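Here is how the chains run, residue by residue.
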Amino acid sequence: MTENPKKPGPIAEMLAPVAGFGVTFANLFRPVVTEQYPFEKVPTKPRYHGRHQLNRYPDGLEKCIGCELCAWACPADAIYVEGGDNADLPEGAHVSPGERYGRVYQINYLRCIFCGLCIEACPTRALTMTNDYELAGPTREGMIFEKDDLLAPLREGMLAGPHPMVEGTEDLEYYRGEITGPTQAQVDWVRERRPDDASLDAAAKATVAAPDANGGTR
Amino acid sequence: MTTTTDSQTPVAVDPNLVTVTIDGIETAVPKGTLIIRAAEEIGIAIPRFCDHPLLKPVGACRQCLVDVAMPDREGNVRPMPKPQPSCAMEVSPGMVVHTQKTSAVAAKAQHGVMELLLINHPLDCPTCDKGGECPLQNQALSDGRATSRFTDVKRTFAKPLKISTQILLDRERCILCQRCTRFSKEIAGDQFIDLQKRGASQQIGRFDEDVLGFAPLGDATVGPAAEDESGRAFASYWSGNTVQICPVGALTSAAYRFRSRPFDLVSTEAVAEHDANGSAIRIDHRRGTVMRRLAGDDPVVNEEWISDKDRFAFHWQTAPDRLTHPLVRDRAEDGTRGELRTASWAEALEVAATALAAARDAGGVGVLPGGRLTIEDAYAYGKLARTALGTNDIDHRARPASAEEESFLGHAVAGHGIDVTFGDLEKAPAVLLVGFEPEEEGGIVFLRLRKGTQAGRTRVWSLAPFATRGLERLDGTLVPTAPGLESEVVDALATGTDEPSLAALREALGAQGALVLVGERLASVPGSLSAVLRLTAATGARLAWIPRRIGERAGVEMGTLPGLLPGGRPVSDAAARVDIAAAWDVTELPTAPGRDTDGILAALAARELRGVVVGGVELGDLTDPVAARAALEAADVVVSLEVRASEVTDLADVVLPVAPPAEKSGSYLNWEGRVRAFRQALESHALPDHRVLDELARHLGTDLGARDGNVLRKEIDQLGAWDGERVAAPATEAVAPAAVAPGTAVLASWHLQLDAGRGQDGEPFLAGTARKAVARLSAATAEAAGVADGGVLRVSTGAGRIELPAVVTDMPDHVVWLPTNSPGSAVRAALGVLPGAVVQITAGTVTTTEEA
């Protein structure tokens, strides 16, 4: 056995007890990384996996078709979905385009691990994740988010459902993005049945023409 | 069967066996076996889509290609130049087969076929109902290529194409295996879809004048199905089977479409409750709700098919009017009925027992259990009536019935065990149908008969007023018989006749294995069942009684008839009574002759009986619904055991809710006499009838020992069948038919399979496939009544009238046929008469508002 060839010299040995402070002192002159949450809220990275959102088409109909694929994809069993039939709604109203809609939609945020598999599973891009990470609450029940909590708010010009689909279209036109806003017929339909609807005025200003019925490639 | 790889071992060679080598394994299989089956037997799975064991081979999908080599004349094994479809090729001696496991050629061929099938397949598995239980999905995953080389645009069709209100077709997903068209052609015989067009445009479609143009369908999933000229909805009673055998998601049912995913479902083997066959089914449920029912695989009963009624009609069990709590009705001092109110089990049972005990002591209590019970429930009803209530006034026949029928059942049905079976139906050389329409009233019996007739083994004759579409598909021979004249024709057959067609039939019935099938309708034709017994005695033909309801045979065997104790023991026989009294641990059983259903209701109206215990009985099914309602109104106490609110519960003093079939376990007895045990599918607090009856008897001071169904089954098995003298055969004289005056006709009627029955409630898609209610009459009768084909015919009696579109049919004159209980044609409630009665017929007008 030989001795350590790099044995520190006497000066080095003398300064050794304070050498560790070098790191500390150096950091005193570097920018602060501590975030002053909750007083300052720092935006997340754009693809951060936060709270879920159920999206809408530009005419205000929901994208969710109640297929339950998200519930099936969920490794934590956090999602519960029950589908319903649009045909069961009165007077030709639709919650979503096509045959089915999500009647019950719950995500249990005590179980959710924010893996995003549900987002990958969603066939209509109805379910996406927002950057909202503030998910805490005083009760266990309150952490089960219902459909009302998850639905995207109506953007300006969207018409609150349920209301009929854009005339002369089927779900495929919606999927292809040919629906760009509510039509006058939809606005009239809602005005007749729910004259006090808060989204009516903005939607009435934003009406567009229905896409050309022969425009599809079917 | 001998399987060996050791050529040194001497093997006894059966001349009917063929030795082949598959993947190096030598096996001997019966002559005529398909290669794919021979491979299955030694555990080699060959992928396939079009192949189905119960359908004829077709080789349509080409997925099962294998390499085959066969010995030539010199005995040299020569490979065939191209791979062969193993599902369509029979084995031959010395054949050497290499499947995808040992042959690169076969494997490449199968990969190629799979790639071809997937070219136009939309791959929408995430939103497809079949995803998760899809043979195409499974085999694409196990045997297909990981990536597709197809870069073009896939073929698209408008979808779904509505074939009927229930069956929807997605042509994009279809791989043209033709299982559905082969099923409808070979098995059901009502071809409602077929292949159309050629080449890349080849597709399945329905017969339709628009079919080649495929006019766009607007609202694709709702609305009535198209109709042909006879007024029959263009649909099949068996169409649901095509959905089940479709190897992709091309055929879906409107009732189940998008409702759930197969991997979420919990499956329970069960037995269908809608007809007397007790078909094996699979109940798929999730979160305590039944989502769908599929055919089970029971080769001795229903093979792999069930009727659409058994498949789709299950919402009645969870209908909104389902009873969940016991209900009690308080009566005023003068006996007027108040409102039903919710009560506890303890209170309801106490009230019921007190009132029943008082009624029993004041005159007597009748029991009407209804015809849909399990063995256990029927036995408990019989025991309750004869011990706690001390009466023989019990009759499960909630339909027109007669004393003659009761003697017939006691003589020829009760205690006979399994006699004629489903297997006998397809092997019988001759089958005579009397008062029985197999497709409408027999469910799967029709498919078995058709299997025999299609194989050329069986000939069918039917005594009926006209040849139904079902009889035509059985290639059956009609013996035109006006209603009420069945006994006359059967007697002519029994005694021998010179009439050539009847003589031929009589000779055919003398053949070994010939069958006579009689339906419950004969109960309302006096003398007919006596004549049938004489016919079978004279010809040696075997006899089977096929009722419509699942609980009828159980009732006959378990003694819910006034003259019968369990096991076919006659009440009139002292030894039989002692036998049962000993088993039930009572000193004696009531000896007074009991009343049948009509007798019980008449005695209630006349206040000879003071109370009644009613099971699942619909008043509209009884001979005279109006009189039945009056009889229940007159009773001091009506105790109703029901699943759903009904006309009976509206009149009941105590309503005790019982479990529907999905929420209990038990055993049905089908028409063969075969025990069809089933387990409880859903978790439930609902009690089966026998549990409720046991509690009721306990409050009456009697122990039925009916708490546990298994204990009850043991008790029933220990009783066994009666080995003493049977009930004497009935010898009722036929009644001369009533004279037919001008402007009148004799009524013929039977139930359609899909009708206005409460078991089909809540099924709009199924109802859309029902046959439209029409009145049928001959051209001469129609002319005399002044009605054109398609015009409205009014059929009336003193009680009321029915107006239906008339369809001129080849049938005897002075006869009019109506469906018994279809929408717009409730014969018993509206006309108050039974088949064989004389009714007025006139031209009707739909616009009339005058009262009849």
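None of these values were measured; they are calculated from a predicted model. (Residues numbered from 1 in each chain as written. Chains lettered and ligands numbered in written order. Predicted model: local features only at pLDDT ≥ 70, side-chain atom pairs only at ≥ 80, totals over all residues. Heavy atoms only, no water.)

## As for the overall build of chain B
Reasoning step 1: Within chain B, the regular secondary structure consists of 26 helices and 37 strands.
Reasoning step 2: A compact globule built from 852 residues should have a C-alpha radius of gyration of about 29 Å, and chain B, at 29 Å, falls within 12% of that.
Reasoning step 3: If one aligns the C-alpha atoms of chain B with their principal axes, the spans along those axes are about 90 × 65 × 60 Å.
Reasoning step 4: Every one of the 852 residues in chain B was classed for burial, and the buried ones make up 58%.
Reasoning step 5: Look at the contacts in chain B between residues 6 or more apart in sequence, and 70% of them connect residues 24 or more apart. (Helix = DSSP H or I, 4+ residues; strand = E, 2+ residues; numbered from the N terminus. Rg over C-alpha atoms; globule rule 2.2 N^0.38 Å. Buried < 20%, exposed > 50% of the residue type's maximum accessible area, 1.4 Å probe, protein only. Contact = heavy atoms within 4.5 Å.)

## Focus: the overall build of chain A
Reasoning step 1: Scanning chain A for helices and strands turns up eight helices and five strands.
Reasoning step 2: The secondary structure elements of chain A, listed N-terminal to C-terminal, are α-α-β-α-β-β-α-β-β-α-α-α-α.
Reasoning step 3: Since a compact globule built from 218 residues should have a radius of gyration of about 17 Å, the 27 Å found for chain A marks it as more spread out than a globular shape.
Reasoning step 4: With the principal axes as the frame, chain A shows a C-alpha extent of 90 × 45 × 35 Å.
Reasoning step 5: Excluding contacts between residues fewer than 6 apart, the proportion of contacts in chain A whose partners are at least 24 apart in sequence is 74%.
Reasoning step 6: Placing the 22 positive and 32 negative side-chain charges of chain A at their respective mean positions leaves the two points 8 Å apart. (Lys, Arg positive; Asp, Glu negative; His and termini not counted. Charge placed at Lys NZ, Arg CZ, Asp CG, Glu CD.)

## Concerning the side chain of Glu406 of chain B
All names here are of chain B.
Reasoning step 1: Mapped onto the secondary structure, Glu406 falls in helix 9 (residues 403–413).
Reasoning step 2: The buried charged residue Glu406 lacks any salt bridge, with Arg397 as its nearest oppositely charged partner at 4.2 Å.
Reasoning step 3: Excluding anything up to four places from it in sequence, Glu406 contacts Arg397, Leu561, Pro562, Gly563 and Leu564. (Salt bridge = Lys/Arg side-chain N within 4 Å of Asp/Glu carboxyl O.)

## Some thoughts on a nonpolar patch on the surface
Residue and element names in this part refer to chain A.
Reasoning step 1: Together, Ile11, Met14, Leu15, Val18, Phe21, Phe25, Leu28 and Phe29 line one region of the surface with nonpolar side chains, adding up to about 960 Å² of accessible area.
Reasoning step 2: Residue assignment for the nonpolar patch shows that the elements contributing at least two residues are helix 1 (10–19) and helix 2 (21–28).
Reasoning step 3: With four residues, the top contributor of residues to the nonpolar patch is helix 1.
Reasoning step 4: Within the secondary structure, Phe21 is located in helix 2.
Reasoning step 5: Using a relative accessible area of 46% as the deciding quantity, one classes Phe21 as partly exposed. (Patch = residues over 30% accessible without salt bridge, like charges linked within 9 Å, V, L, I, M, F, W, Y side chains within 5 Å. Areas by Shrake-Rupley, 256 points an atom, 1.4 Å probe, with all protein chains shown as cover.)

## Observations regarding the nonpolar core
All names here are of chain B.
Reasoning step 1: In this structure, Leu356, Tyr381, Val613, Val639, Leu641 and Leu656 are the most contacted members of the largest nonpolar core, which totals 51 residues.
Reasoning step 2: No other element matches the eight residues that helix 8 (residues 375–388) contributes to this core.
Reasoning step 3: Not counting chain neighbours up to four residues away, the residues in contact with Tyr381 comprise Val367, Pro369, Leu373, Ile394, Thr560, Val613, Val614, Gly615, Leu641, Asp689 and Leu693.
Reasoning step 4: Counting residues in each nonpolar core, the second largest holds 48 residues, with Val18, Ile42, Leu136 and Cys180 among its members. (Core = buried A, V, L, I, M, F, W, Y, C linked by side-chain atoms within 4.5 Å.)

## Regarding the UniProt feature "domain: 4Fe-4S His(Cys)3-ligated-type" (unreviewed entry) in chain B
Reasoning step 1: Annotation from UniProt places "domain: 4Fe-4S His(Cys)3-ligated-type" (unreviewed entry) at residues 105–144 of chain B.
Reasoning step 2: As a span, residues 105–144 of chain B carries 60% helix and 0% strand, and end to end its C-alpha atoms are 15 Å apart. (UniProt positions renumbered as here; feature names shortened; annotations may be inferred.)

## What about the pairing of strand 30 (residues 744–750) of chain B?
Residues and elements named next belong to chain B.
Reasoning step 1: Summarising burial for strand 30: seven of the seven residues are buried, a large majority.
Reasoning step 2: Summarising the sheet, strand 30 and strand 37 (residues 838–843) pair through three bridges and their orientation is antiparallel. From the neighbouring strand, Ala745 faces strand 37, where its bridge partner is Val839.
Reasoning step 3: When strand 30 meets strand 34 (residues 815–819), the two strands line up parallel, connected through five bridges. For Leu747, the partnering residue across the bridge sits in strand 34 and is Val816. (Pairing = 2+ DSSP bridges.)

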